[in-house]
Structure formats: C-alpha cells, structure tokens
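Next come the chains, spelled out residue by residue.
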Amino acid sequence: CIVRKRPAKDGEIDVVDVVDSAVVQVAEPKQKVDLTRYTENHQFSFDHAFCEMTGNEEVYKCSTKPLVHFVVEGGMGTCFAFGQTGSGKTFTMLGAPEVGQRGLYLLAA
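Residues numbered from 1 in each chain as written. Predicted model: local features only at pLDDT ≥ 70, side-chain atom pairs only at ≥ 80, totals over all residues. Heavy atoms only, no water.

A. How the structure looks around the overall build of the protein chain. When helices and strands are counted, the protein chain shows three helices and seven strands. When the helices and strands of the protein chain are listed from N to C terminus, the series reads β-β-β-β-β-α-α-β-β-α. Radius of gyration (C-alpha) of the protein chain: 17 Å, far over the 13 Å computed for a compact globule of 109 residues. With respect to the three principal axes, the spread of C-alpha positions in the protein chain is 60 × 30 × 20 Å. Every one of the 109 residues in the protein chain was classed for burial, and the buried ones make up 19%. Excluding contacts between residues fewer than 6 apart, the proportion of contacts in the protein chain whose partners are at least 24 apart in sequence is 41%. Looking at the protein chain as shown, the accessible area adds up to about 8000 Å², and 57% of this sits on carbon and sulfur atoms. Of the charged side chains in the protein chain, 11 are positive and 14 negative; the average position of the first set lies 3 Å away from that of the second. (Helix = DSSP H or I, 4+ residues; strand = E, 2+ residues; numbered from the N terminus. Rg over C-alpha atoms; globule rule 2.2 N^0.38 Å. Buried < 20%, exposed > 50% of the residue type's maximum accessible area, 1.4 Å probe, protein only. Contact = heavy atoms within 4.5 Å. Areas by Shrake-Rupley, 256 points an atom, 1.4 Å probe, with all protein chains shown as cover. Lys, Arg positive; Asp, Glu negative; His and termini not counted. Charge placed at Lys NZ, Arg CZ, Asp CG, Glu CD.)

In structure tokens, the structure reads:
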C-alpha cells in the first residue's frame, strides 16, 4: 500500500508528517480530565510514503510503472486511488495539464 500526503490547505492544522519513506505519523490533539492539553502521536507503516512535495512523476516511478510493466508481461494489476473528498485523488490520477503536470494515467500511457 502506498500513501501520499497532500499539502495542507489554508486554515488547516497540519497534523500529518511523513517520517521516512515508509512511515507516516499523525499527531492527535487530546485533553486530559484536568483540561491539560497534550498530543498523542500515532505511526503507520506503508510500502512507501510520499510527502506533499513529491511530484506525480516520482509517485508513478515508484508505484504504477512497475505495475504497468508487470501487466504488459501478462500479469494482472490494479491501481486504486482511495481517500476522502479533497484528498488529491483526481490530481494524482489526472494531474493538472494546464500547468504541465501529468497524472498517473498520462504517465502510464
């Protein structure tokens, strides 16, 4: 499973950090009974984790390109984008052609 962090939008608090190429950390703000605030960090491991600065070309090279080669050689595969609304699925798959950024579909073609 491969994950990609999207850039935080204006006004959002950024609680996600890509620790390394396979680990993402989520900071969960909490409050104790005595109203003391603290943060609990949760780490999640993936096959690969991309930070918000990673371009579609790098995501393609690491994820879809090996899959395309496998399928061309007779294998079967699926590239599935999953996430909540506004998480960057369309940008990753289609890109932004008006500014010269190709998505995974065009990179695979």
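B. Quick look at the sheet that holds strand 4 (residues 37-45). Overall, antiparallel pairing links the three strands, which are arranged 2-3-4 in an open sheet. Of all the strands in the sheet, just strand 2 (16-20) and strand 4 have a single pairing partner and so form its edges. Averaged over all neighbouring strand pairs, the angle between strand axes comes to 30°, with direction disregarded. Here nine bridges tie strand 3 (residues 23-31) to strand 4, and the two strands are oriented antiparallel to one another. Of the residues in strand 4, the one forming a bridge with Gln-25 is Gln-43. (Pairing = 2+ DSSP bridges. Axes fitted to C-alpha atoms, helices over the stretch in contact; angles between N-to-C directions.)

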